[in-house]
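Listed below are the residues making up each chain.
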Amino acid sequence: MDDSYYYGEGELRCESVALSEIAESAGTPTYVYSYGALEKAYRELDEAFAGLDHLVCYAVKANSNLAVLRALASFGAGADIVSGGELYRVMRAGFDPKKVVFAGVGKTEEEMISGLGERILLFNVESVSELEHLERYAARHGKTARVSLRINPDVTPETHAHISTGQGTSKFGIPVDEALALAGRMGEYRFLDLIGIHQHIGSQITKLEPYAESVEKSAGLVEELKRRGFDIKYFNIGGGLGIRYKDEEVPTPKEFVDAVRPTLEALGTSGTKILCEMGRYIAGNAGVLLTRVLYRKNSGGKSFLIADAGMNDLLRPSLYDAYHEVRSVNNGAATAAAGLVGPVCETGDYLARDRTLPDAAEGDLLALMSAGAYGFSMASNYNSRPRPAEVLVKGDRWSVIREREHLADLVKGELIPAFL
Ligand SMILES: *Cc1c(COP(=O)(O)O)cnc(C)c1O
């Protein structure tokens with residue numbers, strides 16, 4: 001649990017605000033984010049790179065609320081985007097397009113043109129076909145695209161299979177030898193400027209070795225390209241630094257950078273700026289999902305707490321079997337073996353399975369901790385459930401930063417044709 005969340009005056013607080021006050025006023029389920037925790041995580045990362053020419057980018061997909069983005073832009077962060085929708089968000093939030101990098105294996109024509117139009121810093125290109133399309137669109141619009149090749153360093157990051165991206169068999173990136181060959185052909189592309197190398201091996205990385213190995217490998221490619229006369233101005237080491245959800249031993253940002261510092265320093269000396277793109281580390285522990293217990297029930301010899309939040313609100317437990325700590329908002333000390341489940345009509349709809357949980361009564365408030373990343377951003381309307389509200393706390397102030405969806409939002413854009 002981040003120190004921005006603590007028990008004070010008998011109840012769980014975020015900064016100086018009681019979570020019960022937010023629940024009373026904004027209702028439940030509601031995501032709550034701590035401005036202080038966002039800032040602290042960003043600054044820790046930024047300071048870890050001290051002494052290196054660097055830019056910490058925020059991976060927008062972790063939590064893409066405009067207010068969260070505005071806060072990060074104000075700290076000086078860059079942005080790592082994976083879609084035209086995220087480009088729209090970061091421009092609305094006030095990011096400097098010169099600090100925006102665009103990743104993703106399946107960028108469409110429209111998305112590439114938007115990126116060219118905003119003159120973003122870098123397109124992280126993942127295949128030869130993508131390079132050819134980017135060249136064509138850049139030529140058509142009379143623009144030069146700054147390109148960074150995403151390398152697949154072929155390492156296993158030892159994280160969940162769904163979120164590991166750096167193995168030779170994954171859909172991501174270009175193998176090192178192919179990247180070298182491709183670089184040799186860059187002269188054919190008149191509207192592309194190869195100025196970066198990018199890698200990202202996966203998410204929720206808790207072990208330094210595979211990550212350090214991949215950085216060394218990719219850095220070797222940067223050096224080789226420089227020897228061949230390419231001006232590689234940017235080396236993007238990716239994101240993925242893990243956070244503690246339960247009892248994981250996770251490296252600090254300083255340990256993460258120090259594990260590869262001599263390599264990064266050598267590149268820095270020859271004029272290469274270091275980029276990273278962290279999502280979970282920045283937003284994960286800054287947020288919680290507040291939910292109210294609707295019912296208690298015993299079934300098949302098991303106890304269940306049925307919450308007003310479900311898998312549509314927080315998908316990670318169902319999708320990745322992820323663990324989120326469950327805290328009692330009113331600081332009830334008693335615990336009991338139970339499952340915390342939602343109202344969605346799926347057996348997989350659980351928030352905490354077979355756990356020792358606060359022995360909450362009907363009507364009690366619970367907080368699912370570490371839900372700031374890949375929480376709301378993965379929420380859906382499944383079962384026609386309006387998505388939850390989002391709240392940002394700063395000191396003793398708080399504000400709704402996204403309204404709870406209304407019923408009318410559920411059918412927005414749907415049409416009943418005249419032939420019915
Ligand atoms: C998702 C993603 C990230 C961020 O990962 P985190 O684990 O949230 O830090 C960074 N880079 C790319 C290319 C991504 O797809």
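Residues numbered from 1 in each chain as written. Predicted model: local features only at pLDDT ≥ 70, side-chain atom pairs only at ≥ 80, totals over all residues. Heavy atoms only, no water.

## Digging into a nonpolar patch on the surface
There is a patch of nonpolar side chains on the surface, built from Ile416, Phe419 and Leu420 and spanning about 470 Å² of accessible area. You can see phenylalanine 419 is positioned in the segment after helix H13 (407-410). Of the residues examined, phenylalanine 419 reaches a relative accessible area of 73% and is grouped as exposed. (Patch = residues over 30% accessible without salt bridge, like charges linked within 9 Å, V, L, I, M, F, W, Y side chains within 5 Å. Areas by Shrake-Rupley, 256 points an atom, 1.4 Å probe, with all protein chains shown as cover. Salt bridge = Lys/Arg side-chain N within 4 Å of Asp/Glu carboxyl O. Helix = DSSP H or I, 4+ residues; strand = E, 2+ residues; numbered from the N terminus. Buried < 20%, exposed > 50% of the residue type's maximum accessible area, 1.4 Å probe, protein only.)

## A closer look at the domain arrangement of the protein
Structurally, the protein comprises domain 1 (5-33 + 284-410) and domain 2 (64-278). Using C-alpha coordinates to define each centre, domain 1 is positioned 33 Å away from domain 2. Across the boundary between the two partners, domain 1 contributes 14 residues, which contact eleven residues of domain 2. A per-residue breakdown of the area domain 1 buries against domain 2 is headed by Tyr320, Tyr323 and Ile401, which together make up 42% of the total. Inspection of the region where domain 1 meets domain 2 yields zero salt bridges. Our count for the domain 1 to domain 2 interface comes out at two residue pairs in polar contact (both at pLDDT 80 or more). Elements supplying a minimum of two residues to the side of domain 1 that touches domain 2: helix H12 (316-320) and strand E21 (397-402). For the side of domain 1 that touches domain 2, the leading source of residues is H12, giving three residues. Among the residues making up the side of domain 1 that touches domain 2, the classes are represented as five nonpolar, five polar and four charged. (Domains from an automatic or database assignment. Contact = heavy atoms within 4.5 Å. Buried area = accessible area lost by both parts, 1.4 Å probe. Polar contact = N/O pair within 3.5 Å; in protein donor to acceptor, adjacent residues only side chain to side chain. Nonpolar A, V, L, I, M, F, W, Y, C, P; charged D, E, K, R; others polar.)

## Considering the pairing of strand E14 (residues 287-299)
Sheet topology places strand E4 (residues 30-34) next to E14; four bridges connect them, and they run antiparallel. Across the sheet, the residue bridging to tyrosine 31 is leucine 289, located in E14. The pairing of E14 with strand E15 (residues 302-307) spans six bridges and is classified as antiparallel. Among the inter-strand pairings, serine 299 is bridged to a residue of E15, identified as lysine 302. (Pairing = 2+ DSSP bridges.)

## A short note on the packing of aromatic side chains
Counted under the stated rule, the structure contains six aromatic pairs. Ring geometry for tyrosine 31 against tyrosine 33: centres 6.3 Å apart, planes inclined by 20 degrees, an arrangement best described as stacked. Accessibility assignment for this pair places tyrosine 31 and tyrosine 33 in one class, buried. Here tyrosine 31 and phenylalanine 376 contribute two aromatic rings whose centre-to-centre distance is 6.1 Å and whose plane-to-plane angle is 80 degrees, an arrangement assigned as edge-to-face. Taken together, the positions of tyrosine 31 in strand E4 and phenylalanine 376 in the loop between strand E19 (365-368) and strand E20 (389-394) put the pair 345 residues apart, joining distant regions of the chain. Both residues of the pair, tyrosine 31 and phenylalanine 376, belong to the buried class. (Phe/Tyr/Trp six-rings, centres within 6.5 Å; stacked < 30°, edge-to-face > 60°.)

## What to know about the nonpolar core
Across soluble globular proteins, nonpolar side chains show a tendency to be buried alongside one another. By size, the foremost hydrophobic cluster in this structure holds 102 residues, and its most contacted members are Phe95, Leu149, Phe235, Ile237, Leu264 and Leu340. Counting only domains with at least three residues in this core, you end up with domain 1 (5-33 + 284-410) and domain 2 (64-278). Excluding residues within four positions of it along the chain, leucine 264 makes contact with Phe49, Leu52, Val215, Phe235, Ile237, Val257 and Ile274. Counting residues in each nonpolar core, the second largest holds 17 residues, with Cys14, Val17, Val288 and Met369 among its members. (Core = buried A, V, L, I, M, F, W, Y, C linked by side-chain atoms within 4.5 Å.)

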